[in-house]
Amino acid sequence: MRKKKYAMVIDTKTCVGCGACVVACKTENQVPEGRHRDWIVEEVTGRFPNLHMEIRSERCNHCSDAPCVANCPTGASYTKKDSNVVMVNPKKCTGCKACMASCPYNARFVMPEGYVSKCTFCNHRVEKGLTTACASVCPTHSIYFGDLNNPRSEVAKLLKKRKYKALVPEAGTGPNVYYLV
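Each chain has its residues counted from 1, following the order in which its sequence is written. In keeping with the model being predicted, local features are shown solely for residues with a pLDDT of at least 70 and side-chain atom pairs are shown and tallied solely at 80 or more, while totals for entire chains, interfaces and linings include all residues. Working from all heavy atoms in the structure, the side-chain values ignore hydrogens and water.

Q: What is the right way to look at the overall build of the protein in this model?
A: Strands are runs of DSSP state E lasting at least two residues, helices are runs of H or I lasting at least four, and both sets are numbered from the N terminus onward. Across its full length, the protein carries six helices and 10 strands. The atom set for the radius of gyration is the C-alpha atoms, and the globule formula is 2.2 Å times the number of residues raised to the power 0.38. Relative to a compact globule of 181 residues, whose C-alpha radius of gyration would be 16 Å, the protein shows 16 Å and is just as compact. Expressed along its principal axes, the backbone C-alpha trace of the protein runs to roughly 50 × 40 × 35 Å. Scored against the burial criterion, the 181 residues of the protein give a buried share of 48%. For this analysis, residues touch if any pair of their heavy atoms sits within 4.5 Å. Taking as baseline every contact in the protein between residues at least 6 positions apart, the subset at least 24 positions apart corresponds to 57%. All accessibility values rest on the Shrake-Rupley procedure with a 1.4 Å probe; residue burial counts only the protein chains present in the view. Accessible surface computed for the protein: about 9600 Å², of which carbon and sulfur atoms make up 52%. Each residue's exposure class comes from its accessible area (1.4 Å probe, protein chains only) as a fraction of the maximum for that residue type: buried when under 20%, exposed when over 50%, partly exposed otherwise.

Below, the structure written as structure tokens:
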């Protein structure tokens, strides 16, 4: 069986920062108040009057070389065997926060029960053939999810035809969330 390389592609030209993805994620994954698995960032660059604003939906980047996995002393943070999805086993997690300290995306948080949590690319939905909750509700269709190892997937096609970037490339983590620019 071919290993899947899941990726998320977010179109910064069409994202309006409405937060529907954040609400869908919180609802789907029962994320407690005050915590989040994804969030909206508005970044303004340039100098007046030549300013550019980019709106991004951010989350765990499910890195190909995930420092959170490498730095977890208990093995609670791990990469699934059949894909690149980075998961957390709450039963093994001691809440030491080594994974949080090593994540260049600040994509993890501590649940009230004491274990660390994060985006799972809605693994429970994907295993049923569905897309992620955030992609399913995006009113501007700015969030795409799929397998980069499948050249016919929408994410693979988008990355071939559009300019894109990844966040914090200098960290060398091999992020799998891409932003169309």
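Text resumes after the structure shown.
Q: Honestly, the layout of surface pockets in this entry has me stumped. Any pointers?
A: Size it by volume and the largest pocket reaches roughly 220 Å³. Surrounding the largest pocket, 14 residues form its lining, Asn29, Arg37, Tyr115, Ser117 and Thr120 being those nearest its centre. Every element with two or more residues in the lining of the largest pocket is listed here: β5 (86-88) and β7 (116-117). A 1.4 Å probe that fits into a set of points on a 1 Å grid over the protein atoms alone but cannot get out defines a cavity; an open set with protein on both sides within 12 Å along at least five of seven lines defines a pocket, and lining residues are those with an atom within 4 Å of a point. Grid points are joined across faces, edges and corners, and a volume is the space filled by probe spheres set on the points.

Q: Even after reading the chapter, I still don't get the side chain of Asn123, so can you show me in this structure?
A: With respect to the element layout, Asn123 can be found in helix α4 (residues 123-126). Nitrogen and oxygen atoms within 3.5 Å of one another constitute a polar contact, given that in protein one can donate a hydrogen and the other can accept it, and given that sequence-neighbouring residues count only through two side-chain atoms. For Asn123, the side chain forms a polar contact with the side chain of Lys80, separated by 3.2 Å. Excluding its chain neighbours within four sequence positions, the residues that come into contact with Asn123 are Lys80 and Met87.

Q: Would you mind going over unusual backbone geometry with me for this structure?
A: Most of the time, phi is negative for any residue but glycine, and the peptide bond is trans. With an omega of 5 degrees, the peptide bond running from Phe48 to Pro49 counts as cis. Relative to the helices and strands, Pro49 resides in the loop between β2 (38-47) and β3 (50-59). For Gln30, which is not glycine, the phi torsion reads 50 degrees and is therefore positive. Checked against the element boundaries, Gln30 lands in the loop between α1 (20-28) and β2. With a phi close to 40 degrees, His62 is a non-glycine residue in the positive phi region. The topology assignment puts His62 in the loop between β3 and α2 (67-71).

Q: What am I meant to see in the packing of aromatic side chains here?
A: For any two aromatic rings, the description comes down to two numbers: the centre-to-centre distance and the angle of the planes. Between 30 and 60 degrees the pair is tilted, below 30 it is stacked and above 60 it is edge-to-face, where a pair is any two Phe, Tyr or Trp rings, Trp via its six-membered ring, whose centres lie within 6.5 Å. Here the structure, examined in full by the defined rule, presents three aromatic pairs. For the pair Tyr6 and Phe145, a centre-to-centre distance of 5.1 Å together with 20 degrees between the ring planes defines the contact as stacked. Note that Tyr6 is positioned in strand β1 (residues 6-11) and Phe145 in strand β8 (residues 143-147), a separation of 139 residues in sequence. A residue is classified by how much of its surface remains accessible, and Tyr6, at 13% relative accessible area, is buried. Using a relative accessible area of 15% as the deciding quantity, one classes Phe145 as buried. Aromatic pair Tyr164 and Tyr178: ring centres 5.4 Å apart, planes at 85 degrees, arrangement edge-to-face. Here Tyr164, found in strand β9 (residues 164-165), pairs with Tyr178, found in strand β10 (residues 177-180); they are 14 residues apart in sequence, far enough to count as distant. Relative accessible area serves as the criterion here: at 41%, Tyr164 is assigned to the partly exposed category. Aromatic ring contacts, followed pair by pair, group Tyr6, Phe121 and Phe145 into a single cluster.

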